[in-house]
Amino acid sequence: MFEKDNLEITGMYGEKIEDDKILDVKVVNELPEIVMKSNGFAAGDFRKGYFKTNDRKTVTLFVNKKAKPYLLLMTTTEEIYFSSIDVASQDLLTQIENWVKLK
């Protein structure tokens, strides 16, 4: 959900991301290799929350693994991966790019 000064991911483990904290947004085909969840939910194809990667970084996942590719949102403090069967990642990327241009 787009608001004036932030992007909100709603639901369990959701968060608001201030627009000036967004460094980059792109579409990627794969998730990083996850070795464990640190504070998250994982069941079937769904991953939500905070997960540790093979290189010991913590990333935030809001993904349905059946909905590829993934949107990668890089902020000043974290990497967020997002996918949904409701909206294609490429369409969401375009929406975010247009939202940023309106600022």
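Residues numbered from 1 in each chain as written. Predicted model: local features only at pLDDT ≥ 70, side-chain atom pairs only at ≥ 80, totals over all residues. Heavy atoms only, no water.

## Things to note about the sheet that holds strand S3 (residues 22-28)
Move 1: Spatially, the six strands line up as an open sheet ordered S3-S7-S8-S6-S5-S4, and their pairing is mixed. Looking at strand neighbours, the two that pair on one side only are S3 and strand S4 (34-43), the edges of this open sheet. Neighbour-to-neighbour, the strand axes of this sheet turn through a mean angle of 20 degrees, independent of strand direction.
Move 2: Two strands pair when backbone bridges link them, and strand S7 (residues 70-75) and strand S8 (residues 79-82) are joined in this way by four bridges, in the antiparallel orientation. Among the inter-strand pairings, Leu71 is bridged to a residue of S8, identified as Phe82. (Pairing = 2+ DSSP bridges. Helix = DSSP H or I, 4+ residues; strand = E, 2+ residues; numbered from the N terminus. Axes fitted to C-alpha atoms, helices over the stretch in contact; angles between N-to-C directions.)

## Quick notes on the nonpolar core
Move 1: By size, the foremost hydrophobic cluster in this structure holds 13 residues, and its most contacted members are Ile17, Ile22, Val25, Leu71, Leu73, Ile80 and Ile96.
Move 2: When contributions to this core are tallied by element, the ones reaching two or more residues are strand S1 (6-9), S3, S7 and helix H1 (89-101).
Move 3: Ignoring any residue separated from it by four or fewer positions in sequence, one finds Leu73 in contact with Leu7, Ile17, Ile22, Asp24, Val25, Glu78, Glu79 and Ile80.
Move 4: Counting residues in each nonpolar core, the second largest holds nine residues, with Val28, Val59, Leu61 and Leu72 among its members. (Core = buried A, V, L, I, M, F, W, Y, C linked by side-chain atoms within 4.5 Å. Buried < 20%, exposed > 50% of the residue type's maximum accessible area, 1.4 Å probe, protein only. Contact = heavy atoms within 4.5 Å.)

## A word on a nonpolar patch on the surface
Move 1: Together, Met12, Phe41 and Phe46 give the surface a local cluster of nonpolar side chains, amounting to about 280 Å² of exposed area.
Move 2: In this structure Phe46 comes out as partly exposed when scored by relative accessible area, which is 42%. (Patch = residues over 30% accessible without salt bridge, like charges linked within 9 Å, V, L, I, M, F, W, Y side chains within 5 Å. Areas by Shrake-Rupley, 256 points an atom, 1.4 Å probe, with all protein chains shown as cover. Salt bridge = Lys/Arg side-chain N within 4 Å of Asp/Glu carboxyl O.)

## What to know about the pattern of salt bridges
Move 1: If you walk through the whole model with that rule in mind, you get two salt bridges.
Move 2: In this structure, Lys66 engages Asp45 in a salt bridge whose closest nitrogen and oxygen atoms are separated by 3.6 Å. Of this pair, Lys66 sits in the loop between strand S6 (58-64) and S7 while Asp45 sits in the loop between S4 and strand S5 (46-53), and the two are 21 residues apart along the sequence.
Move 3: Asp45 gets classed as partly exposed once you look at its relative accessible area, which sits at 27%.
Move 4: For Glu79, the salt bridge is made with Lys57, and the minimal N-O distance between the two is 2.9 Å.

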